[in-house]
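# An overview of the molecular structure
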Amino acid sequence: MRSIATTLALVIPGLFLLTVADAVADPSERHQQIAAIARGAAPVTDAQIPDLAHGAAMLARQPVAFVENQGQWDGTFSHVATFGPMAVFLEDRGWAFTLTEYSEKARHPGDPLADRGAPDVEPERGVAVRMRFCNGAKAATPVPEERLPGVHHYFFGNDPTRWKSNVPLHGSVRMEHLYPGIDVRARGSDGHFEYDLLVEPGADLDRVQVEVAGADGLHLDADGTLVMATALGPVRQPVPKTWQVTATGAQQEITCNYVLLDHERFGFAAPERDRDLALVVDPGLIWSTFLGDGGDDRPLALGLDTSGAVTVAGLTSSLAFPTTPGVFDTTHNGGGTSTIGGDAFVTRLDPSGGALLWSSFLGGGGGDVSFALGVDPSGAVTVTGLTDSSDFPVTVGAFDTFYNGDYDAFVTRLDPSGVTVLWSTFLGGGGQDYGSALGIDASGSVTVAGTANSSNFPTTTGAFDTTHGGGQDGFVSRLDESGSALLWSTFLGSGGTHEGVFAIGLDASEAVTVTGYTDSSDYPTTPGAFDTTYNGSGGFLNAIGDAFATRVAPNGSTLLWSTFLGGAGGDLG
């Protein structure tokens with residue numbers, strides 16, 4: 001299973017899926033093949049597929065810049081730029097995108113780079129989408145802008161006429177005179193590909209139409225986002241930032257929306273526009289990326305820090321799951337004979353999605369998985385989940401440094417750089433216990449909730465419920481900011497067979513609200529709550545019962561309120 005799907009894409013007038021073999025063509029031919037397909041002049045054959053994907057992999061290693069095509073590549077496109085796994089080919093009336101999914105594989109014995117730990121890139125699949133301006137758009141003159149430092153040199157094959165030196169790099173390219181009075185600028189922004197419509201006073205924005213080939217249809221979300229469906233998932237264009245430019249150069253923001261013309265064409269509408277002023281329409285493409293390798297990679301938790309960086313955690317069975325140098329653990333620890341079958345991982349991507357800031361395994365010799373995470377204001381990340389690794393990494397002085405058997409919950413805090421485990425503890429008893437929800441309060445204390453099958457799961461004196469109800473109970477536990485003490489811990493359940501907590505929220509007073517499921521008719525509810533009567537189970541979720549919502553006092557001693565939420569079938573919060 002692949003994770004975090006997906007987005008943009010090299011182009012033919014239709015979608016193609018790359019299923020990659022092991023063969024690799026002569027490097028002198030790869031860019032020619034990519035170019036031919038990008039301009040729609042050649043079909044894709046099975047023999048070409050590995051070469052195209054490998055060529056895209058080569059391009060993906062280049063810096064983000066628009067590189068002029070001076071004849072080093074066959075094709076009529078004027079410039080090429082790469083944004084991580086995405087390659088962009090500028091054409092005379094638009095552009096083509098390719099996005100290829102890669103994994104790393106072990107190098108063959110005897111490979112001179114094998115002993116240096118250099119990865120070999122193995123392309124797996126890709127998609128292709130072309131966006132072309134239509135409705136009378138004319139072939140544009142590309143004008144490179146924003147010269148960047150450095151040059152590229154290309155020496156393909158043994159024909160010196162194909163060799164090109166000192167090829168310049170640019171940050172943007174202006175496509176002039178696509179429509180009367182309208183230019184388009186292609187550029188990069190925060191790791192994304194973006195384009196601007198530059199509309200002169202009096203020019204007709206309504207004339208601008210874009211035809212999308214290779215997508216599985218277009219639609220508008222409720223918020224006005226334009227969505228292009230592909231075999232690898234959706235490509236999204238949020239509502240464009242739009243402004244008018246006054247005679248003094250000041251910018252006046254106005255509303256501009258996409259107009260869906262049919263299943264493959266869209267346009268733009270700016271009803272507030274003053275046609276006597278210049279107009280800039282700035283659509284952006286939301287990034288999306290793959291994360292994983294050849295095994296089972298599952299993102300199960302996500303959080304944002306104050307900069308917009310994205311931290312994800314979950315489960316991976318991929319030995320070559322991408323990690324970064326210097327982090328806490330760069331080596332997959334195996335899954336042993338565990339039914340979990342892998343390690344937990346914690347990965348942070350930059351706000352653009354264009355780079356891994358850091359990525360680390362987290363686990364021991366058994367199976368480990370992260371179900372929930374929280375990011376505090378410093379950028380430190382705390383995760384919880386389950387482990388059957390007796391050697392799971394715990395820290396000296398933590399609340400519980402001894403594995404309790406079967407499955408234990410764990411709670412682990414990593415520093416903002418992912419280099420150091422600040423603290424890490426087991427949390428459980430002799431049965432199967434796991435943490436599935438987590439919240440961090442202003443003091444740094446961590447409240448964890450989940451499911452406890454252990455009658456000896458740790459609870460604290462004075463907590464709401466210190467007696468296990470049989471089968472599996474829910475639990476809510478609060479650890480101090482150092483992970484060394486259990487501030488309070490309570491069961492949450494009753495005499496039924498199944499209870500579990502799946503989500504949590506903390507308010508400013510540090511009261512805890514949780515939701516999950518119960519099949520206990522005597523699950524604790526409070527007088528005056530919305531529904532104090534168990535509604536039963538059955539139907540699709542036959543073995544479950546009712547959902548519940550319960551608020552626990554900040555000290556864990558009482559229920560502020562608690563209610564069932566469900567009907568006669570199976571319901572789960």
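Chains are numbered independently. Their residues run from 1 in the order of the written sequence. Side-chain atom pairs in this predicted model are given and counted only at pLDDT of 80 or more, local residue features only at pLDDT of at least 70, and totals for whole chains, interfaces and linings cover all residues. Neither water nor hydrogens contribute to the side-chain values; these are computed over all heavy atoms in the structure.

## Overview of the pattern of salt bridges
Salt bridge criterion: a side-chain nitrogen from Lys or Arg within 4 Å of a carboxyl oxygen from Asp or Glu. Using the criterion set out here, one finds 12 salt bridges in the structure. For arginine 93, the salt bridge is made with aspartate 92, and the minimal N-O distance between the two is 3.4 Å. Residue arginine 93 is classed as partly exposed on the basis of its relative accessible area, which comes to 29%. Under the scheme applied here, a residue whose accessible area is under 20% of the maximum for its type counts as buried, over 50% as exposed, and between as partly exposed, the area being computed with a 1.4 Å probe on protein chains only. Residue class for aspartate 92 comes out partly exposed when judged on its relative accessible area of 34%. The partner of aspartate 221 in a salt bridge is arginine 236, and the shortest N-O contact between them spans 2.8 Å. Of this pair, aspartate 221 sits in the loop between strand S11 (218-220) and strand S12 (226-230) while arginine 236 sits in strand S13 (residues 233-237), and the two are 15 residues apart along the sequence. Helix and strand definitions follow DSSP, with helices as H or I runs of at least four residues and strands as E runs of at least two, each counted in order from the N terminus.

## Here's the deal with the confidence of the model for the protein
Every residue is assigned a pLDDT by the predictor, reflecting its confidence on a scale from 0 to 100. For the protein, per-residue confidence averages 82 on the pLDDT scale, and 80% of positions sit at 70 or higher. Only heavy atoms matter for contacts: two residues are in contact if any of them lie within 4.5 Å across the pair. Segment residues 1-63 is flagged for pLDDT under 50; beyond a separation of four residues in sequence, or across chains, it makes 191 contacts in the model. Overall, residues 103-121 carries pLDDT values under 50, and its contacts beyond four positions in sequence, including any with other chains, amount to 24 contacts.

## Concerning the pairing of strand S28 (residues 446-452)
Counted residue by residue, S28 has seven buried out of seven residues, so it is predominantly covered. Across seven bridges, strand S27 (residues 433-440) lies against S28 in antiparallel orientation. Across the sheet, residue isoleucine 440 finds its bridge partner in S28, namely valine 446. When DSSP locates at least two bridges between a pair of strands, those strands are taken to pair. Linking S27 back to S28 in an antiparallel pair, the connection comprises five residues, with glycine 444 at a positive phi of about 95°.

## Remarks on the sheet that holds S28
If you walk across this open sheet you meet the four strands as S27-S28-S29-S30, and the pairing is antiparallel. The open sheet has two edge strands with one neighbour each: S27 and strand S30 (486-492). Strand after strand, the sheet turns through a mean of 20° between neighbouring axes, direction not considered. Axis angles are defined between N-to-C directions and span 0 to 180 degrees, where every axis is a line fitted to C-alpha atoms and, for a helix, only to the segment in contact.

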